[in-house]
Amino acid sequence: MTDPVALTLNAGSSSLKFGLYAMTDEPEEIAVGQVERIGGAARLRAEIGAEEIARDVTAPDHAGALDTALDLLRARFPRAKAAAVGHRVVHGGPGFTGPARITPEVMEELRRLSPFAPIHQPHNIKGIEAATAAFPDALQVACFDTAFHRTHPKVNDMFALPREYYDKGVRRYGFHGLSYDYISGELARIAPLLHAGRVIVAHLGSGASMCGMIGGRSIASTMGFTALDGLPMGTRTGQIDPGVTFYLVQQEGLSIDEVRELFYTRSGLLGISGLSNDMRVLEASGTPEANEAIDYFVFRIRREVGGLAAALGGLDALVFTGGIGENSRLIRERVCEGMDWIGIELDRARNAANATVISTDLSRARVMVVPTDEERMIARAAKALLDAEGTP
Ligand code: ADP
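Small disclaimer: the values here were computed from a predicted structure and weren't measured.

A. Representation of the overall build of the protein in the model. From N to C terminus, the protein includes 15 helices and 13 strands. The C-alpha radius of gyration of the protein comes to 21 Å, within 12% of the 21 Å expected for a compact globule of 392 residues. Projected onto its principal axes, the C-alpha coordinates of the protein cover approximately 60 × 55 × 45 Å. Within the protein, the fraction of its 392 residues that count as buried is 54%. The long-range fraction of contacts in the protein, counting pairs at least 24 apart against all pairs at least 6 apart in sequence, stands at 61%. Of the roughly 17,700 Å² of accessible surface on the protein, 52% is carried by carbon and sulfur atoms. Positive and negative side-chain charges in the protein, numbering 40 and 49 respectively, have mean positions lying 2 Å apart.

See the structure below:
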């Protein structure tokens, strides 16, 4: 006897997140975890029910990290058989508007899109290759961070460049789509009237972005061609004048690779604070530089609330999610301060209690905290495609 399960994989540059889900109508989480610091002092962390596991492991590459995760899962769930493996894939280009079964043709397309996301896509591809070797009989499914935004109007899809670049794929793709899709589904479930209206979702984690939706569909988002645009993040700049790049290269003598490394890994909260990319550390530290990093983060979020509300023609709800959005009372309070002009009135006690609704009963726009679950979206997609198409 075997129990069919879905495995979810989210391969980052030095980490591999995994989840194991029972193939019930609504996939049920059995285990989640991650292998961190692949290629270095690797560590496995996992949660199986109430049990928490953390130990040093050997994981020289992504295939090794997958082996480590599978050793744990196989030892704990010997009857489980992976019928489907769902992968988070950062870039689906203009073509992928939803999850896709991975075929040799799809793999070719993912490789072709790699230059659009050189920091992330190659790792996603490695994760798929490792999982295909480990589970040759399972359905492999790609779930794209860009897919949710494919509904946005063309003005939000283009840059003011000569037309040929649009045709070559230089477009505003938007990311964090699995998270926004999940939040959209949660709103439809718990607040259907708001879901039908004008909603801004602030996904504030190590990576951070915001999305304006109408009727649960993406209209505009803060990330663009890459996941570098928009809000400042743990280590990424967010929006920056492209002229800074010319200056750094021509006057400071940096190579393009050095500029890329600066923008992706040494900027954002870490760059301004000179201390940490971790919001908890910044909130606790209280140094002037840490406070400035928080000020800048909050300022940019508030600007985007105004900009996205203009794109939506008003605001019915603001939803916070991601590690910072779900946990930081301070950031939520500071974002909502003095926002009555747009109909936001925060209830401090509700905010301090991390309640689901943190606006007052009289607030014209509702402010909510909704935990996101990207892994669950991958598991749902894997199950749905398996139900529709069967195993390969
Ligand atoms: P990732 O994008 O890597 O999935 P998360 O969504 O887990 O990241 O968010 C990580 C961020 O959330 C970090 O900056 C962390 O400091 C922040 N965070 C988590 N818990 C809290 C908290 N209680 N207060 C403030 N920030 C928090």
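B. Up close: unusual backbone geometry. Located in the positive-phi region is Arg37, a residue other than glycine, with phi close to 55°. Within the secondary structure, Arg37 sits in the loop between strand E3 (28-36) and strand E4 (43-48). Among the residues examined, Arg37 registers a relative accessible area of 45% and is labelled partly exposed. Positive phi, normally seen in glycine, also occurs at His176, with a value near 60°. Mapped onto the elements, His176 comes out in the loop between helix H4 (163-167) and helix H5 (177-190). With relative accessibility at 9%, the residue His176 sits in the buried group.

Rules and cut-offs
Residues numbered from 1 in each chain as written. Predicted model: local features only at pLDDT ≥ 70, side-chain atom pairs only at ≥ 80, totals over all residues. Heavy atoms only, no water. Helix = DSSP H or I, 4+ residues; strand = E, 2+ residues; numbered from the N terminus. Rg over C-alpha atoms; globule rule 2.2 N^0.38 Å. Buried < 20%, exposed > 50% of the residue type's maximum accessible area, 1.4 Å probe, protein only. Contact = heavy atoms within 4.5 Å. Areas by Shrake-Rupley, 256 points an atom, 1.4 Å probe, with all protein chains shown as cover. Lys, Arg positive; Asp, Glu negative; His and termini not counted. Charge placed at Lys NZ, Arg CZ, Asp CG, Glu CD.

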